[in-house]
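Tertiary structure, described
One letter stands for each residue in the lines below.
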Amino acid sequence: MSPLSIILVLLISLVYGVIFLILSILNYKLFEKFSIIFQFLITLLFSFDFGMIYLLIIYKINYGCFHIYYLIPIILGFYIAYKFKNRAVNFCKYFKNKRKKYWHIYKIKLYIK
C-alpha cells in the first residue's frame, strides 16, 4: 500500500465519522416517536448499512485492506463533529434570525429593481 492511499483512507475515515454523526442524529430525530424495539431495529440496520458502505469505499480505494488504525479517524471525526455540533446549531439559529430580521429590507430592494 502506498503512503498516498493510506493518507486518503485516513482522510476519508475522518470525513466518514463526521457524516456518521450527522446521519445518526437525523436517524434519531426521525424515529424518536416510534417504539423502542422499532428504534433499536432501525438503528441496528442503519449501523450495519453504514458499516457496509464504509467497507465498500475502503475496498474501492485499497482493495479491502482494512487496518484497525482506520477506526481512529472515524472516532476522531465523530468526536470533532460532536464538539462543534452546538456551535453549528447556534450559528444556524443566529443566521436564521438575522435573515428574518432584515428580510423586509431585501424584499423592498427586490421591488425597486
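In what follows, the structure referred to is the one given above.
Residues numbered from 1 in each chain as written. Predicted model: local features only at pLDDT ≥ 70, side-chain atom pairs only at ≥ 80, totals over all residues. Heavy atoms only, no water.

**Things to note about the packing of aromatic side chains**
Definition in use: Each pair of aromatic rings taken from Phe, Tyr and Trp, with Trp reduced to its six-membered ring, is defined by centres within 6.5 Å and is described as stacked if the planes are under 30 degrees apart, edge-to-face if over 60, and tilted in the remaining cases. Helical segments are the DSSP runs of H or I of at least four residues, strand segments are the runs of E of at least two, and each set is numbered from the N terminus. The buried label applies to any residue whose accessible area, calculated with a 1.4 Å probe on protein chains only, is under 20% of its type's maximum; exposed applies above 50%, and partly exposed to all values in between.
On inspection of all chains with the given rule, the structure shows nine aromatic pairs. Both rings, one in F20 and one in F46, keep their centres 5.8 Å apart while their planes meet at 15°; by these two values the pair is stacked. With F20 in helix α1 (residues 3-31) and F46 in helix α2 (residues 36-62), this pair connects stretches of sequence that are 26 residues apart. A relative accessible area of 24% means that F20 is categorised as partly exposed. On the accessibility criterion, F46 (17% relative accessible area) is buried. Plain terms: the ring middles of F20 and F50 are 5.1 Å apart, the flat faces sit at 40° to each other, and that makes the pair tilted. Note that F20 is positioned in helix α1 and F50 in helix α2, a separation of 30 residues in sequence. Classification of F50 as buried rests on a relative accessible area of 8%. One aromatic cluster is present, formed by Y16, F20, F46, F50, Y54 and F78 through successive ring pairs.

**Observations regarding a nonpolar patch on the surface**
For the record, the criterion: Exposure above 30% relative accessible area and no salt bridge define the residues that can form patches, which grow by joining like charges within 9 Å and nonpolar side chains of Val, Leu, Ile, Met, Phe, Trp and Tyr within 5 Å. Per-residue and other accessible areas follow the Shrake-Rupley method at a 1.4 Å probe size, with only the shown protein chains counted as cover for residues. Whenever a carboxyl oxygen of Asp or Glu lies within 4 Å of a side-chain nitrogen of Lys or Arg, that contact is scored as a salt bridge.
Together, F48, M52, L55, F66, I68, Y69, L71, I72 and I75 give the surface a local cluster of nonpolar side chains, amounting to about 890 Å² of exposed area. For I72, the position within the fold is in helix α3 (residues 71-101).

**Here we look at the side chain of S13**
Filter applied, for reference: Whenever two N or O atoms come within 3.5 Å, that pair is a polar contact, provided that in protein one can donate a hydrogen and the other can accept it, and provided that, for residues adjacent in sequence, both atoms are side-chain atoms. Whether two residues touch is decided by their heavy atoms; if any such pair falls within 4.5 Å, the residues are in contact.
When you line up the elements, S13 lands in helix α1. Polar contacts involving the side chain of S13 include one to the side chain of Y54, which spans 2.6 Å. With residues near it in sequence (within four places) discarded, S13 still touches Y54, Y70, P73 and I74.

**Focus: the packing of α1 against α2**
A pair of packed helices can be characterised by two numbers: the angle between their axes and the separation between those axes. The condition is simple: Angles here are taken between N-to-C directions and fall from 0 to 180 degrees, while the axes themselves are lines fitted to C-alpha atoms, restricted in helices to the stretch in contact. Angle categories: roughly parallel below 35 degrees, roughly antiparallel above 145, roughly perpendicular from 65 to 115, and oblique for all the rest. Left-handed describes a crossing whose near helix is turned anticlockwise from the far helix by less than a right angle; the clockwise case is right-handed. For this classification, the nonpolar set comprises Ala, Val, Leu, Ile, Met, Phe, Trp, Tyr, Cys and Pro, the charged set comprises Asp, Glu, Lys and Arg, and every other residue, Gly included, is treated as polar.
Their axes nearest at 11 Å, the elements α1 and α2 cross at an angle of 160°. The angle between α1 and α2 falls in the class roughly antiparallel. As for the relative orientation of α1 and α2, their crossing is right-handed in sense. Between α1 and α2, the contacting residues are S5, L8, V9, I12, S13, Y16, I19, F20, L23, S24, N27 and F31 on the first element and F38, Q39, I42, T43, F46, F50, I53, Y54, I57, I58, I61 and N62 on the second. Class assignment for the residues of the contact of α1 with α2 results in 17 nonpolar, seven polar and no charged.

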